[in-house]
Amino acid sequence: MLHRIARILSLAVCLGVIAPAEAALKVLATTPDWAALATELGGDHVNVYSATNAFQDVHRVEAKPSLVARARSADLVVATGAELEVGWLPVLVQESGNAHIQPASPGYFEAAAQLRLLDVPSSVDRSMGDVHPQGNPHVQLDPHNIASIAQALTARLSVLDPAGAAYYQARGADFQARWQQAIGRWEARAAPLKGLSVVVIHKDQVYLCHWLGLREVAAIEPKPGVPPSAGYLAELVTKLSAAPPRVILRNAYNDTKAVEWLAGKINVPVVALPFSVGGTPEAKDLFGLFDDTINRLLGTTR
Amino acid sequence: MKLTTWIAIAMLLASGLPAEIARADDLATLRSELNGLKFEYQSRIAALEARIAQLESQSAIASAASPPPPLPPPASPPASAGGTGTAFNPAMSVILAGSYAHLSEDPASYRIAGFVPSGADTGPGPRSFNLGESELTLAANVDPYFYANLTASVAADNTISAEEAYFRTTALTNGFTVKGGRFFAGVGYLNDVHAHAWDFVDQPLAYQAFLGGQLAEDGVQLKWLAPTDTFIELGVETGNGDRFPGTHRTGNGPNGGAVFAHVGDDVGDSVSWRAGASWLDRRAENRGYLDENAVGQTVVNAFSGTSRTWIVDATLKWAPHGNPTLHLLKLQAEYLRRTEDGTLVYDTAETNSGGDFRTVQSGWYVQGVYGFMPRWRTGLRYDYLDSGSTRIGLVADGQLPTAAFPILAAASPRRVTWMLDWSPSEFSRLRAQYAWDDARATVRDRQLILQYLYSIGAHGAHKY
């Protein structure tokens with residue numbers, strides 16, 4: 001008899017333990033990087049969905065029905081901000097019928113808002129191409145940015161799910177410790193890369209270059225978001241032939257055509273970088289993203 | 001033994017759960033109030049922590065090899081240049097559109113054979129250079145509860161109209177959204193797509209014949225999204241129904257309404273789709289249209305009764321890994337079927353004789369747009385209409401000959417349209433379109449239209 005009751009009580013306890021897991025915070029991340037970060041920090045207390053994959057250009061994403069459905073049930077939207085997702089995220093938020101994720105709500109988080117951005121234009125005009133008034137939004141390739149964003153995201157998770165605050169703080173502290181250690185490792189390994197001259201496609205490696213001290217000598221896009229004309233490419237060949245860069249950087253989502261053409265003309269290797277979690281088989285999570293980025297960059301210097 | 005088990009469970013349920021629920025309610029209210037407060041200071045703490053972390057990591061780096069130039073601390077929130085009054089200005093955007101049309105037939109003679117004319121928005125528009133609709137949109141959150149949007153349309157004839165002027169809720173949860181004012185009805189796929197986002201210069205023939213091109217509603221709309229990973233949206237709306245196929249009514253209360261349902265999902269990374277069904281119900285009172293009598297004089301006939309339209313729509317989009325930069329494919333089809341039931345009065349000015357009237361008509365289009373290289377797209381559309389079955393009481397009982405209603409003579413208008421467009425950026429598009437238009441049934445209209453679309457101001461976000 002007592003044995004039975006004990007079993008029932010233990011069952012109830014089990015249910016009690018299971019219940020919060022069922023009520024996991026639903027996180028809609030706009031990129032695989034924020035999805036990976038939310039998973040690192042939230043563990044099994046969060047249920048994370050990434051709106052995009054590493055092969056998509058986050059400027060150009062469809063406000064697909066599946067994403068509207070995810071926005072409807074989300075407790076937290078983790079976006080890049082700085083108008084990177086301006087062409088599609090507002091539609092998801094507006095169509096969601098979900099007050100919790102409206103901008104300025106605790107359920108709406110922008111990574112870029114936690115940082116001071118690079119490339120903040122002193123004036124903006126669309127003749128300058130796809131410029132972002134608040135600064136360059138491609139912030140994920142500097143691990144120090146990730147650390148700051150992780151701090152703020154941990155705080156936000158604790159606000160949204162106060163019962164799990166201790167859990168998030170513990171995970172956050174653990175992540176920060178591992179992350180700072182990894183940064184030390186990456187920076188030591190990447191020391192030979194300092195001063196490496198690179199050509200980029202879009203201005204989306206700015207934070208990587210800034211972090212590792214790479215020297216960006218040219219961009220294949222004449223202006224952000226503007227594809228190069230034949231004339232511009234010819235000019236670039238002339239300019240770069242005179243002083244060839246060590247390497248051309250390409251992101252997983254970029255088209256290979258213009259890059260390979262230019263690489264052939266000036267006889268410089270192209271390095272395909274993951275750019276986002278999932279962009280290469282090795283970039284399985286945020287640690288893998290930086291490990292692989294540095295491995296691939298170091299590969300060119302050997 | 002079994003009994004004790006059940007009693008134990010019942011006790012657990014009876015004692016524990018209701019208390020839990022009651023407490024949960026109180027807790028929820030308290031918690032949401034607390035959360036508001038917490039959010040404020042936690043974000044400040046977070047900012048401070050971030051700064052500390054940054055400083056720590058910088059000092060850690062300083063001791064390690066080759067420190068990068070230190071990043072400054074987090075920025076204070078941008079914009080809001082205090083006191084100038086501009087911080088709260090709504091987002092503003094302007095769309096400019098214009099075209100050059102070369103038409104083999106006089107557009108004044110345009111009609112869709114077998115269908116009651118639906119208003120001004122039918123046909124390819126005038127010949128030669130045309131200033132299209134210039135749209136000005138102002139939109140912003142009103143307060144924490146509502147969002148408002150005004151789209152004013154300036155037509156080539158210097159008239160300004162409120163294309164859309166609506167409010168929408170932002171504070172509802174559980175998937176509910178309420179919209180009110182003037183807005184494009186939620187029926188079909190293309191109906192609530194703004195003209196500058198169309199894949200062709202003009203609307204499908206079925207939209208021109210059944211919805212007067214694009215149906216706006218002055219009323220209210222309620223939408224609900226299901227809490228599922230598959231997109232399931234249900235909507236209902238009602239309003240004054242004074243646009244074709246309805247008419248203005250003098251009485252109180254709404255004129256009909258619409259219900260619609262949409263479902264959608266992804267298939268892998270590369271394919272997404274949406275499908276829907278809509279039902280539009282309207283009443284028309286003396287909805288007049290021009291026709292010719294047996295001796296070629298213009299007469300006004302008028303329909304009164306119910307007009308009910310079914311719409312089924314399906315859209316599929318493909319892009320490798322969901323990245324449309326290089327290649328994209330968009331397939332789209334809609335089927336519309338309308339039943340009108342009531343009375344038809346012949347020659348309201350003179351003969352003014354009426355009889356019963358019933359017609360069942362249908363139409364569809366199917367189109368594909370293919371992005372074959374960055375910035376370039378081409379598309380093909382096929383339109384088909386069936387004037388269906390029409391019973392005109394005045395003809396059936398021998399009062400008037402069939403020839404008294406030339407517009408209602410059986411016909412199956414069709415059209416083939418090809419387009420090519422080039423978008424130098426997200427904000428500009430140049431398009432060429434060629435159509436073989438057999439809407440008149442008597443003669444084929446060959447239409448070449450060149451169009452430009454420019455967008456300035458706030459970056460708009462486009463619906464699926």
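Please refer to the structure placed before this passage.
Since this is a predicted model, take the numbers as computed values, not measurements.

1. Digging into the packing of helix α6 (residues 165–189) of chain A against helix α10 (residues 286–301) of chain A
All names here are of chain A. At their nearest, the axes of α6 and α10 sit 11 Å apart, and the two run at 0° to each other. Considered as vectors, α6 and α10 are oriented roughly parallel to each other. In this structure, α6 contributes F175, R178, W179, A182, R185, W186 and R189 to the contact, and α10 contributes L286, F287, F290, D291, I294, N295 and L298. Grouping the constituent residues of the contact of α6 with α10 by class yields nine nonpolar, one polar and four charged.

2. A few points about a nonpolar patch on the surface
Residue and element names in this part refer to chain B. Nonpolar side chains collect at one region of the surface, where L316, W318, L331, Y370, F372 and M373 lie side by side and expose about 490 Å² of accessible area between them. Among the elements of the structure, β11 (298–318) and β13 (353–373) are those that each provide at least two residues to the nonpolar patch. The leading source of residues in the nonpolar patch is β13, at three residues. Take L316: it is sitting in strand β11. Looking at L316, the relative accessible area reads 33%, which means it is partly exposed.

3. Some thoughts on the packing of aromatic side chains
We describe a pair of aromatic rings using the distance from one ring centre to the other and the angle between the two ring planes. All names here are of chain A. Per the stated rule, a full pass over the model turns up 23 aromatic pairs over all chains. Taken together, a centroid distance of 6.3 Å and an interplanar angle of 45° make the contact between W186 and F287 tilted. Of this pair, W186 sits in helix α6 while F287 sits in helix α10, placing them 101 residues apart in sequence. Comparing W186 with F287, the two get one shared label, buried.

4. Section: the sheet that holds strand β6 (residues 215–219) of chain A
Residue and element names in this part refer to chain A. With parallel pairing, the four strands of this open sheet are ordered in space as β6-β5-β7-β8. Looking along the sheet, the strands with just one partner apiece sit at the ends: β6 and β8 (270–273). Taking each pair of neighbouring strands and ignoring which way they run, the sheet shows an average axis angle of 35°. Alignment of strand β7 (residues 247–251) against β8, held across four bridges, turns out to be parallel. Residue pairing in the sheet places R250 in a bridge with A272 of β8. On top of the sheet, helix α8 (residues 230–242) reaches β5 (197–200) and β6; it is set at about 145° to β6, its chief contact.

5. Considering the sheet that holds strand β1 (residues 25–29) of chain A
All names here are of chain A. Pairing within the open sheet is parallel, and its four strands lie in the order β2-β1-β3-β4. Each having just a single partner strand, β2 (46–50) and β4 (108–110) make up the two edges of the open sheet. Pairwise comparison of adjacent strand axes, ignoring direction, gives a mean angle of 20° for this sheet. In the sheet, β1 pairs with strand β3 (residues 76–79) via three bridges, with the strands oriented parallel. Residue pairing in the sheet places A29 in a bridge with V78 of β3. Across the sheet, helix α2 (residues 32–42) touches β1, β2 and β3, and the angle it forms with β2 is around 170°.

Thresholds, definitions, all that
Residues numbered from 1 in each chain as written. Chains lettered and ligands numbered in written order. Predicted model: local features only at pLDDT ≥ 70, side-chain atom pairs only at ≥ 80, totals over all residues. Heavy atoms only, no water. Axes fitted to C-alpha atoms, helices over the stretch in contact; angles between N-to-C directions. Helix = DSSP H or I, 4+ residues; strand = E, 2+ residues; numbered from the N terminus. Parallel < 35°, antiparallel > 145°, perpendicular 65-115°, else oblique. Contact = heavy atoms within 4.5 Å. Nonpolar A, V, L, I, M, F, W, Y, C, P; charged D, E, K, R; others polar. Patch = residues over 30% accessible without salt bridge, like charges linked within 9 Å, V, L, I, M, F, W, Y side chains within 5 Å. Areas by Shrake-Rupley, 256 points an atom, 1.4 Å probe, with all protein chains shown as cover. Salt bridge = Lys/Arg side-chain N within 4 Å of Asp/Glu carboxyl O. Buried < 20%, exposed > 50% of the residue type's maximum accessible area, 1.4 Å probe, protein only. Phe/Tyr/Trp six-rings, centres within 6.5 Å; stacked < 30°, edge-to-face > 60°. Pairing = 2+ DSSP bridges.

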